[in-house]
Amino acid sequence: MNHVPNLVVHAGYMREALREAEKAYQLGEVPVGAVVVAGGRVVARGHNLQETLNDASAHAELLAVREAAGALNDRRLNEATVYVTMEPCPMCAGALVQFRVGKVVFGTPDPKAGAAGSVVDLLREARFNHQVEVIPGVLEAECREIVQRFFRELRQ
């Protein structure tokens with residue numbers, strides 16, 4: 001029973017991440033969005049900007065944690081939760097470990113490049129000096145739909 005309020009809270013923040021994904025979609029970017037929550041409030045936002053910035057590292061969650069570290073004046077985000085619409089890739093998972101993020105909540109899995117359990121699980125790798133709690137599948141259908149719509153339209 002006590003998980004129901006958490007799911008409602010997680011869904012609310014994931015909707016914020018979906019708003020960020022929509023911004024990426026409007027720019028012609030792969031529609032992935034992220035928000036960082038600390039102290040019960042959104043402290044940073046990000047959406048994919050790889051094409052816009054001509055920067056392969058400009059992934060939603062990476063941009064968001066960089067912004068969060070600046071906003072919180074701390075590169076260690078132990079108390080923060082990152083909400084991202086798609087399972088983090090290996091690059092982003094590595095960054096999330098390095099930023100010492102406390103928790104990652106993601107929407108849709110990425111069966112081709114997911115590094116939170118789909119292909120590899122870098123976030124919970126016991127040999128690293130930090131592990132990240134992972135909550136998958138929050139608003140999974142909505143998160144999957146925007147990505148599928150983007151690629152369907154791209155092919156047409």
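Per chain, residues are indexed from 1 in the order of the written sequence. Confidence filtering applies because this is a predicted model: local features only for residues at pLDDT of at least 70, side-chain atom pairs given and counted only at 80 or more, and all residues used for totals across whole chains, interfaces and linings. Just so you know, side-chain values use all the structure's heavy atoms and leave hydrogens and water out.

Draft legend 1. Fine view of the nonpolar core. To form a nonpolar core, buried Ala, Val, Leu, Ile, Met, Phe, Trp, Tyr and Cys residues must be joined to one another through side-chain atoms within 4.5 Å. For each residue, the accessible area found with a 1.4 Å probe, counting protein chains only, is set against the maximum for its type, and the residue is called buried under 20%, exposed over 50%, and partly exposed in between. In this structure, Met-14, Val-36, Val-65, Tyr-83, Val-101, Val-104 and Leu-123 are the most contacted members of the largest nonpolar core, which totals 50 residues. Looking at which element gives the most residues to this core, the answer is helix α1 (residues 3–26), with seven residues. We call two residues in contact whenever any of their non-hydrogen atoms come within 4.5 Å of each other. Here Met-14 is in contact with Tyr-83, Val-84, Thr-85, Val-105, Phe-106, Gly-107, Val-138, Leu-139 and Cys-143, once residues within four sequence places are set aside. Where helices and strands are cited, they refer to DSSP runs of H or I of at least four residues and of E of at least two residues respectively, numbered from the N terminus.

Draft legend 2. The arrangement of the environment of Leu-123 in detail. Here Leu-123 shows up in the loop between β4 (103–108) and β5 (133–135). Overall, the relative accessible area of 0% leaves Leu-123 in the buried class. Along the chain, Leu-123 and Glu-22 lie 101 residues apart, while their C-alpha atoms are 26 Å from each other. In this structure Leu-123 touches Pro-88, Ala-93, Leu-96, Val-97, Val-104, Ala-115, Ala-116, His-130, Gln-131, Val-132 and Val-134, once residues within four positions along its chain are discounted.

Draft legend 3. Quick peek at the pattern of salt bridges. Here, a salt bridge means any side-chain nitrogen of Lys or Arg that lies within 4 Å of a carboxyl oxygen of Asp or Glu. For the coordinates displayed, the defined rule picks out eight salt bridges. In this structure, Glu-16 and Arg-45 form a salt bridge, with 2.8 Å as the shortest nitrogen-oxygen distance. Residue Glu-16 is located in helix α1, and its partner Arg-45 is located in strand β2 (residues 41–47); the two are separated by 29 residues in the primary sequence. Given a relative accessible area of 31%, Arg-45 falls into the partly exposed group. Between Arg-127 and Glu-125 there is a salt bridge, and its shortest N-O distance comes to 2.7 Å. Each member of the salt-bridge network shares a partner with another, and the members are Glu-16, Arg-19, Glu-20, Lys-23 and Arg-45.

Draft legend 4. Molecular detail of the sheet that holds β5. Any two strands are treated as partners once DSSP identifies two or more bridges connecting them. The strand order across the open sheet built from five strands is β2-β1-β3-β4-β5, with neighbouring strands paired in mixed fashion. Unpaired on one side and paired on the other, β2 and β5 mark the two borders of the sheet. Taking each pair of neighbouring strands and ignoring which way they run, the sheet shows an average axis angle of 20°. The sheet contact formed by strand β1 (residues 33–38) and β2 spans six bridges and is antiparallel. By the bridge assignment, Ala-34 is partnered in β2 with Gly-46. Here an angle of 0 to 180 degrees is reported between the N-to-C directions of two axes, which are lines fitted to C-alpha atoms, with helices fitted over the stretch in contact. Packed onto the sheet, helix α3 (residues 60–72) meets β1, β2 and β3 (81–86) and runs at close to 140° relative to β2.

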